[in-house]
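# Working through the structure, step by step
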Amino acid sequence: MPVPRVVVHGISADGRLVALGAGSTDPGISRTVQWILDTATNQFLTVDDLLGPGVAPAGAELHGAVFLPDGGLVLGVTGPGGNRSWYLLDAKRSLVAALDNAPFPVSPGQFVYLP
């Protein structure tokens, strides 16, 4: 059985969470984050695990993740019907802010960190 190609898209500041996606590192190819692995538990986290139950619409799927230097995280989630939302979590994974109807998938180049 062929092994799927998996790409590391990011690692949290503490090294606990790893954002993974299928595909290539070629910049011309989609860089969708499909999974977040918790290295402490060796489990893949769901949208509900990351945001809490009921925060994102039922059936929502992860499409992006950006780890911030302060330990925070921006998650991109696609809900039913293709509606995209961004969620800002702090270092303790508490929800700080949400943006519904986000204009495009979340990617690292969209954020600037100002201490």
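Residues numbered from 1 in each chain as written. Predicted model: local features only at pLDDT ≥ 70, side-chain atom pairs only at ≥ 80, totals over all residues. Heavy atoms only, no water.

Each strand in a sheet pairs with its neighbour through backbone hydrogen bonds, running either in the same direction (parallel) or in the opposite one (antiparallel). Taken in spatial order, the four strands line up as β1-β2-β3-β4 in an open sheet, and their pairing is antiparallel. Each edge of the sheet is formed by a strand with only one pairing partner; in this case those strands are β1 (6-11) and β4 (43-45). Between one strand and the next, the sheet's axes are offset by a mean angle of 35°, whatever the strand orientation. Inspection of the sheet shows β1 paired to strand β2 (residues 17-22) by five bridges, in the antiparallel sense. Bridging across to β2, valine 6 finds its partner in alanine 22. (Pairing = 2+ DSSP bridges. Helix = DSSP H or I, 4+ residues; strand = E, 2+ residues; numbered from the N terminus. Axes fitted to C-alpha atoms, helices over the stretch in contact; angles between N-to-C directions.)

Quick look at the sheet that holds strand β7 (residues 84-89) now. With antiparallel pairing, the four strands of this open sheet are ordered in space as β5-β6-β7-β8. The two strands at the open ends of the sheet, each matched to only one other strand, are β5 (61-67) and β8 (95-100). Pairwise comparison of adjacent strand axes, ignoring direction, gives a mean angle of 20° for this sheet.

Let us now look at the pattern of salt bridges. In total, this model carries one salt bridge according to the counting rule given. Residue arginine 16 pairs with aspartate 38 through a salt bridge whose shortest N-O separation is 2.8 Å. Placement of the pair is arginine 16 in the loop between β1 and β2 and aspartate 38 in strand β3 (residues 35-38), with a sequence separation of 22 residues. You can call arginine 16 partly exposed: its relative accessible area is 34%. (Salt bridge = Lys/Arg side-chain N within 4 Å of Asp/Glu carboxyl O. Buried < 20%, exposed > 50% of the residue type's maximum accessible area, 1.4 Å probe, protein only.)

Among the structural elements, serine 12 can be located in the loop between β1 and β2. Since its relative accessible area comes to 10%, serine 12 is described here as buried. A distance of 3.1 Å separates the side chain of serine 12 from the backbone nitrogen of arginine 16, its partner in a polar contact. With sequence-adjacent residues up to four places away left out, serine 12 is seen in contact with Leu17 and Phe67. (Polar contact = N/O pair within 3.5 Å; in protein donor to acceptor, adjacent residues only side chain to side chain. Contact = heavy atoms within 4.5 Å.)

Here we come to the environment of leucine 37. Its place among the elements puts leucine 37 in strand β3. Sequence-wise, leucine 37 and isoleucine 11 are 26 residues apart; in three dimensions their C-alpha atoms are separated by 9.6 Å. If near-sequence neighbours (up to four positions away) are discounted, leucine 37 is found in contact with Arg16, Leu17, Val18, Leu20, Asn42, Gln43 and Phe44.

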